[in-house]
Amino acid sequence: MLINKAKCWMRMAAVGLAALCAGNQAWALQFGSAPVVSTTAIPQTGLISPEQLIAAMQKNRQEAPLVIQVGSRMMFDQGRIPAAVFAGPAVQPEGIDLLRNRVASLPRSKFIVIYCGCCPWSRCPNIGTAYQFLLGMGFKNLKALYLPNNFGMDWVAKGYKVEK
Amino acid sequence: MLGWCCLAAPAQAAGPRVGQKAPVFAAHNLYGKPVTLNQFRGKVILLNFWATWCGPCRVELPRFDAWQARYSADGLQVLAISMDDNRDQARAMADRLHLHFPMLAGNSRLGAAYGGIFGLPVTYLIDRDGIVRKRVEGETNLDQLEVEVQKLLHEPHR
């Protein structure tokens, strides 16, 4: 278990190192949290828009994605994408632990969409970190929901369905 | 498809709009001491929602601290509400930044009272009569916001 955990972090660090955001990196070092991977580490092909996600969620259960929120519990409790599951801030070790547990038993071909929306896209510490972590676990059918401003402005205020 | 997109009312609809009374609240600061919004009646309040993992918040907080020092005698009160799940982390950052205004522990109910805090930072400017005068979400021009604060400080208490 520990070896797997270490392997996963190492793979993640290798992929994401070049994309470390200087500001977030300093902060991570300061507060002893997980290495932060910038959103710039996510390729264009790894993004999904709210409209595309809504369309994907209409598909049958097998094809529909598992939607995982990788932001704060407080935000998740206030409102979330319907049927989304909570994993917690990926920048924090406990968030990564929960994320790993959420997906550990899933086939690596499972369609997964992660979202955060805590902050403006380029400043979000969680989404790039979670993306690289899941890639490191071997998930290939992985998308990050592109929310340029935040979940409030790009999902809630647009009238897309919110579950409480 | 259409129903899925359009049936739900936006969750922000319940929050205070500009021109409406700011929802009063009772909370605790990060050290457990009770704090209420009413304590600061008659002051111009800058109410900021933040979290340790929010990059723009880390830029704003020291700036708000400078405003608190500069405009305190004119009646400004900054209140910061942490939306962190982990209060210890919020307290550690507050201690590190040496901020001189109340740092409160938020919760989802308080967030919902203010229209849902679905992204950070969010800042409300509340006038001396307790009326919301501005809501700012996301990264903002702090110079411009300071001008708005100055304007409110010059307005008399009705």
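Residues numbered from 1 in each chain as written. Chains lettered and ligands numbered in written order. Predicted model: local features only at pLDDT ≥ 70, side-chain atom pairs only at ≥ 80, totals over all residues. Heavy atoms only, no water.

What follows covers the overall build of chain B. Helix and strand counts for chain B come out as five helices and seven strands. Taken from N to C terminus, the helices and strands of chain B fall in the order α-β-β-β-α-β-α-β-α-β-β-α. For chain B, whose C-alpha radius of gyration is 16 Å, the value lies close to the compact-globule estimate of 15 Å for 158 residues. In terms of overall dimensions, chain B has C-alpha extents of about 55 × 40 × 30 Å along its principal axes. Surface accessibility of chain B: about 7,200 Å² in total, with carbon and sulfur atoms responsible for 53%. (Helix = DSSP H or I, 4+ residues; strand = E, 2+ residues; numbered from the N terminus. Rg over C-alpha atoms; globule rule 2.2 N^0.38 Å. Areas by Shrake-Rupley, 256 points an atom, 1.4 Å probe, with all protein chains shown as cover.)

As a further point, take the environment of A:Glu163. All names here are of chain A. The residue glutamate 163 is located in the segment after helix 7 (151-156) in this model. Separated by 80 residues in the primary sequence, glutamate 163 and alanine 83 have C-alpha atoms spaced 7.7 Å apart. If we skip the residues at most four places from it in the chain, glutamate 163 touches Gly79, Arg80, Pro82 and Ala83. Engagement of the side chain of glutamate 163 in a polar contact is seen with the backbone nitrogen of alanine 83, the distance being 3.3 Å. (Contact = heavy atoms within 4.5 Å. Polar contact = N/O pair within 3.5 Å; in protein donor to acceptor, adjacent residues only side chain to side chain.)

Time to look at unusual backbone geometry. Residue and element names in this part refer to chain B. Residues leucine 120 and proline 121 are joined by a peptide bond in cis, for which omega reads -5 degrees. With respect to the helices and strands, proline 121 occurs in the loop between helix 4 (108-113) and strand 6 (122-126). Positive phi, close to 50 degrees, is recorded for histidine 98, a residue that is not glycine. Structurally, the position occupied by histidine 98 is in the loop between helix 3 (87-97) and strand 5 (103-105).

Residue and element names in this part refer to chain B. Extensive coverage of strand 4 (residues 76-82) is indicated by the burial of seven of its seven residues. Judged by which residues are buried, strand 4 turns out to be covered on both faces: Leu76, Val78, Ala80 and Ser82 on one side and Gln77, Leu79 and Ile81 on the other are all buried. Pairing geometry for strand 3 (residues 44-50) and strand 4, over seven bridges, is parallel. Residue pairing across strands places asparagine 48 opposite alanine 80, the latter belonging to strand 4. Chirality of the crossover, the property in question, places the unit of strand 3, helix 2 (residues 55-71) and strand 4 among those that are right-handed. With three bridges connecting them, strand 4 and strand 5 associate as parallel partners. By the bridge assignment for strand 5, serine 82 is matched with alanine 105. Running through helix 3, the crossover from strand 4 to the neighbouring parallel element strand 5 is right-handed. (Buried < 20%, exposed > 50% of the residue type's maximum accessible area, 1.4 Å probe, protein only. Pairing = 2+ DSSP bridges. Right-handed = clockwise from strand over helix to strand, strands pointing away.)

Let us now look at the pattern of salt bridges. Residues and elements named next belong to chain B. Tallying each qualifying case throughout the model produces twelve salt bridges over all chains. The closest approach of N and O atoms between arginine 91 and aspartate 88, which form a salt bridge, is 2.5 Å. Of this pair, arginine 91 and aspartate 88 are both found in helix 3, three residues apart, which corresponds to roughly one turn of the helix. Here arginine 133 makes a salt bridge to glutamate 155, at a shortest N to O gap of 2.8 Å. (Salt bridge = Lys/Arg side-chain N within 4 Å of Asp/Glu carboxyl O.)

Residues spaced three or four apart along an α-helix face the same direction, because each turn holds 3.6 residues. Residue and element names in this part refer to chain B. Of the positions making up helix 3, those classed as buried are Ala90, Met93 and Ala94. Within helix 3, the buried residues cover an arc of 100 degrees as seen down the axis, which keeps them to one side. The opening residue of helix 3 is asparagine 86, an N-cap whose side-chain oxygen sits 2.9 Å from the backbone nitrogen of aspartate 88. (Arc of directions from axis to C-beta.)

On to the nonpolar core. Membership of the largest hydrophobic core comes to 80 residues, with the highest contact counts inside it found for A:Val70, A:Ile114, B:Phe25, B:Leu47, B:Phe49, B:Tyr114 and B:Leu120. Filtering out sequence-adjacent residues up to four positions away, B:Phe25 remains in contact with B:Val35, B:Thr36, B:Leu37, B:Leu47, B:Leu79, B:Ile81, B:Leu104, B:Leu110 and B:Tyr114. In this structure, A:Ile48, A:Val67, A:Phe76 and A:Phe86 belong to the second largest nonpolar core, which totals 21 residues. (Core = buried A, V, L, I, M, F, W, Y, C linked by side-chain atoms within 4.5 Å.)

Residues and elements named next belong to chain B. Taking 1.5 Å of rise per residue, 13 residues should cover 18 Å, and helix 5 (residues 142-154) covers 19 Å from first to last C-alpha, within 8% of that figure. The set of residues buried in helix 5 consists of Leu142, Leu145, Glu146, Val149, Leu152 and Leu153. On an axial view of helix 5, the arc spanned by its buried residues comes to 120 degrees, and they lie on one face. Set apart from the buried face of helix 5 by more than 90 degrees, the exposed residues are Gln144, Lys151 and His154. Taken together, the buried residues of helix 5 touch strand 3, helix 2, strand 4, strand 6 and strand 7 (132-137). N-cap assignment for helix 5: the residue whose side-chain oxygen lies 3.0 Å from the backbone N of aspartate 143 is asparagine 141. (Expected span 1.5 Å × (residues − 1).)

Attention now goes to the sheet that holds strand 3 (residues 85-86) of chain A. Residues and elements named next belong to chain A. Taken together, five strands build an open sheet; the order of strands is 1-5-4-2-3 and the sheet is parallel. Of all strands in the sheet, those with a lone pairing partner are strand 1 (47-48) and strand 3, marking the two edges. Both strand 2 (residues 66-69) and strand 4 (residues 112-115) contribute to a ladder of four bridges, which runs parallel. Each bridged residue has a counterpart across the sheet, and for glutamine 69 the counterpart in strand 4 is tyrosine 115. Contacting strand 4 and strand 5 (142-145), helix 6 (residues 127-137) runs over the sheet at an angle of about 155 degrees to strand 4. (Axes fitted to C-alpha atoms, helices over the stretch in contact; angles between N-to-C directions.)

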